[in-house]
Amino acid sequence: MTKYGSFPGARPRRLRTTPAMRRMVAETRLHPADLILPAFVREGISDPVEIGAMPGVFQHTRDSLKKAAVEAMEAGVAGIMLFGVPEESKKDAVGTAGTDPDGILQLALRDVRDEVGDDLIVMSDLCLDETTDHGHCGVLDDQGRVDNDATLERYAEMAQVQADAGAHVVGPSGMMDGQIGVIRDALDQVGHEDVSVLAYTAKYSSAFYGPFREAVGSSLKGDRKTYQQDPANTRESLRELALDLEEGADMVMVKPAGPYLDILARISDAVDVPVAAYQISGEYAMIQAAAERGWIDRDRAIMESLTGIKRAGANMILTYWATEVAQQL
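This text gives an overview of the structure that appears in the document.

Before going further, it helps to examine the overall build of the protein. Helix and strand content of the protein: 11 helices and 10 strands. The C-alpha radius of gyration of the protein comes to 21 Å, within 12% of the 20 Å expected for a compact globule of 329 residues. By principal-axis analysis of the C-alpha atoms, the protein measures approximately 90 × 45 × 40 Å. Each of the 329 residues in the protein was classed as buried or not, and the buried ones make up 51%. Considering only intrachain contacts with a sequence separation of at least 6, the fraction spanning at least 24 residues in the protein is 74%. Carbon and sulfur atoms form 49% of the exposed surface of the protein, whose accessible area is close to 15400 Å².

Dropping the structure here:
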């Protein structure tokens, strides 16, 4: 006699039986419009230069950057975040190249905006670290410490020249107190009310930034622990979040992404504005390096890492694989 009701009655594996079944019941889906491509443009080079610690990622010329932007746009990527790398001789104590209308980042913003118009969101890194001879994200005082309020004055000017150059979005990444409010006011004062501010709300002092220092030719002396967040802290990020929203942030970000998925989830649950996460250079490098040694399946690892970031609550993901993944999707 047939026995009914035998254990187990519930069999979740029924919904994992085939690729089509798993696809149908998937709770998290990546889409090209979730992705933003970080890109570097370097002054004084005639051909793109591959970044040693980030195989497959390049410091672009102005021409190759335009091609990369068009490729990203055609793949359906949502945006491109630009970082400028000036010639070493143009770096100084206050990051003059960052506010020069003819500085490399401002030129690149104009180039890309002329190329893609409004079909790709053009974003700009708003920070002084690439343009200072000491490599810090702000102006130093006479004791060598980052002067918060003097730095805000520089950020205000940077926001205005970047918006003038065509940025749809500015991304202040320096973690200065009050930076969002100052930048919002500076943009509004010169008629750039439509330019959005993507706040680097929870930017942690991380070991995973290492390859990025090569990518931007960093001149950093010391570390950034006095202004970037302590990796041990959670509540601090929520305080930063409240301040950024009060000051007028249109979007907020967690950086790095992978090691801080808990922070990403907390912030995503707490806000009603879009949340971004930045899968940074060290996260990229780890997967690339392990895959090159045959230790992991590269393509699966990329997709799994991005799915995890999306599952934790990111609406947008900055990743160096943005165009590649968008093409696959």
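With respect to the element layout, Asp250 can be found in the loop between helix H7 (235-247) and strand E8 (251-255). What makes Asp250 partly exposed here is its relative accessible area of 32%. Between the C-alpha atom of Asp250 and that of Arg62, which follows or precedes it by 188 residues, the distance is 29 Å. Not counting chain neighbours up to four residues away, the residues in contact with Asp250 comprise Arg184, Val195, Ser196, Val197, Val273 and Pro274. Side-chain polar atoms of Asp250 contact the backbone nitrogen of Val197, separated by 2.8 Å.

So, on to the packing of helix H9 (residues 281-292) against helix H10 (residues 298-311). At a minimum axis separation of 9 Å, H9 and H10 run at an interaxial angle of 160°. Taken together, H9 and H10 sit at an angle that is classed as roughly antiparallel. Remark: the crossing between H9 and H10 carries right-handed chirality. Where H9 approaches H10, its residues Ile287, Gln288 and Ala291 are matched on the opposing element by Arg298, Ala301, Ile302 and Ser305. When its residues are assigned to classes, the contact of H9 with H10 shows 4 nonpolar, 2 polar and 1 charged.

What follows deals with the nonpolar core. Counting residues in each nonpolar core, the largest one holds 90 residues, and the members touching the most others are Ile80, Leu82, Tyr155 and Ile267. Every residue in contact with Leu82, bar those within four places of it in the chain, is listed here: Ala39, Leu65, Leu105, Ala108, Leu109, Val112, Val122, Met123, Ser124 and Asp125.

With that out of the way, let us pick up the side chain of His168. As for its position among the elements, His168 is in the loop between helix H4 (148-164) and strand E6 (169-172). The exposure class of His168 is buried, given its relative accessible area of 17%. Polar contacts involving the side chain of His168 include one to the side chain of Asp118, which spans 2.9 Å. Excluding residues that lie within four positions of it along the chain, His168 makes contacts with Arg113, Gly117, Asp118, Leu120, Ile121, Val122, Asp194, Val195 and Ser196.

This brings us to the layout of surface pockets. Considered as a void within the structure, the largest pocket measures approximately 360 Å³ in volume. Lining of the largest pocket is provided by 19 residues; of these, Leu37, Gly56, Val57, Tyr320 and Thr323 occupy positions nearest its centre. Listing elements by their share of the lining of the largest pocket, those giving two or more residues are strand E1 (35-42), strand E3 (58-60), helix H2 (62-75), H9 and helix H11 (322-328). Of the residues contributing to the lining of the largest pocket, the split by class is 11 nonpolar, 5 polar and 3 charged. Reported here for the second largest pocket is a volume of approximately 170 Å³. What lines the second largest pocket is Leu15, Arg16, Arg22, Arg23, Val25, Ala26 and Glu27. Of the residues assigned to the lining of the second largest pocket, the class counts are 3 nonpolar, no polar and 4 charged.

So, on to the packing of aromatic side chains. Applying the stated criterion across every chain, the model contains 6 aromatic pairs. When the centroid spacing of 6.1 Å and the interplanar angle of 50° are considered together, the rings of Tyr278 and Tyr320 count as tilted. One end of the pair, Tyr278, is in strand E9 (residues 275-278); the other, Tyr320, is in the loop between strand E10 (316-318) and H11, with 42 residues separating them in the sequence. Each member of the pair, Tyr278 as well as Tyr320, carries the same accessibility label: buried. What links up through ring pairs into an aromatic cluster is the set Phe40, Phe83, Tyr278, Tyr284, Tyr320 and Trp321. Sitting over the face of the ring of Tyr209, Lys203 holds its NZ or CZ atom 5.8 Å from the ring centroid.

Each value, and the rule that gives it
- Residues numbered from 1 in each chain as written.
- Predicted model: local features only at pLDDT ≥ 70, side-chain atom pairs only at ≥ 80, totals over all residues.
- Heavy atoms only, no water.
- Helix = DSSP H or I, 4+ residues; strand = E, 2+ residues; numbered from the N terminus.
- Rg over C-alpha atoms; globule rule 2.2 N^0.38 Å.
- Buried < 20%, exposed > 50% of the residue type's maximum accessible area, 1.4 Å probe, protein only.
- Contact = heavy atoms within 4.5 Å.
- Areas by Shrake-Rupley, 256 points an atom, 1.4 Å probe, with all protein chains shown as cover.
- Polar contact = N/O pair within 3.5 Å; in protein donor to acceptor, adjacent residues only side chain to side chain.
- Axes fitted to C-alpha atoms, helices over the stretch in contact; angles between N-to-C directions.
- Parallel < 35°, antiparallel > 145°, perpendicular 65-115°, else oblique.
- Left-handed = near helix turned anticlockwise from the far one by under 90°.
- Nonpolar A, V, L, I, M, F, W, Y, C, P; charged D, E, K, R; others polar.
- Core = buried A, V, L, I, M, F, W, Y, C linked by side-chain atoms within 4.5 Å.
- 1 Å grid on protein atoms, 1.4 Å probe; cavity = no way out; pocket = protein on both sides within 12 Å on 5 of 7 lines; lining within 4 Å.
- Points joined across faces, edges and corners; volume = space filled by probe spheres on them.
- Phe/Tyr/Trp six-rings, centres within 6.5 Å; stacked < 30°, edge-to-face > 60°.
- Lys NZ or Arg CZ within 6 Å of the ring centre and 35° of its normal.

Geometric descriptors of this kind do not, in isolation, establish any biological role.
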